[in-house]
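These are the residues of each chain, in order.
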Amino acid sequence: MKTDVKHGLGRRKTAVAKVLLTEDKGERMINGTPLETYFPYAALQITALKALVITSQNDEYGVRVKVSGGGKNAQADAVSLGIARALVGIDEGFRKQLKAAGLLRRDSRMKERKKPGLKGARRAPQFSKR
């Protein structure tokens, strides 16, 4: 049984990814399915694993992720942030590379809530003079 190395938590919009880096080098599992099946598009796979590629740790660690909420793009970004945070937990030396690439910053953009008396976040009801 391979041991767990480090945990990381990533969020984007409403997506939350709990990332676990393991010593099993070939493992890339998201919600119990292989990465290639869960993220069928290459762009999403690249986004999710960007932190490992930038730090040249792609062949050093396996990745197990539990992700929920949001869409696939938000989930891929959440996985990327979780992996970056876990890597910094392993070796503080990775911080400079990851920060320069912008992978340690949480994207704070969220959907704005609906306000009372309005039809959406900002859309007012149609005005009629008569």
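Only a predicted model underlies this, so the values are computations on that prediction, with no experimental measurement involved.

Student: An account of the pattern of salt bridges is requested, with residue identities and associated values reported.
Tutor: Under the counting rule described, the total for this entry stands at 7 salt bridges. A salt bridge links D107 to R12; its shortest N-O distance comes to 3.3 Å. A residue pair is termed long-range when its members are at least 10 positions apart, and D107 in the segment after α5 (95-100) and R12 in strand β1 (residues 4-12) qualify at 95 residues. The class of D107 is partly exposed, set by a relative accessible area of 24%. Overall, the relative accessible area of 10% leaves R12 in the buried class. Among the ionic pairs, R109 bridges to D107, the shortest N-O distance being 2.8 Å. Salt bridges sharing common partners tie together R12, D77, D107 and R109.

Rules and cut-offs
Residue numbers here run from 1 along each chain, matching the order of that chain's written sequence. For a predicted model such as this one, the threshold for reporting local features is a pLDDT of at least 70, and the threshold for listing and counting side-chain atom pairs is 80 or more; totals across whole chains, interfaces and linings nevertheless cover every residue. Heavy atoms throughout the structure, all of them, feed into the side-chain values; hydrogens and water do not. Think of a salt bridge as a Lys or Arg side-chain nitrogen and an Asp or Glu carboxyl oxygen that are within 4 Å of each other. Here a helix means four or more residues in a row that DSSP labels H or I, a strand means two or more in a row labelled E, and each is numbered from the N terminus. Only protein chains enter the area calculation, which uses a 1.4 Å probe; residues under 20% of their type maximum are buried, those over 50% are exposed, and those in between are partly exposed.

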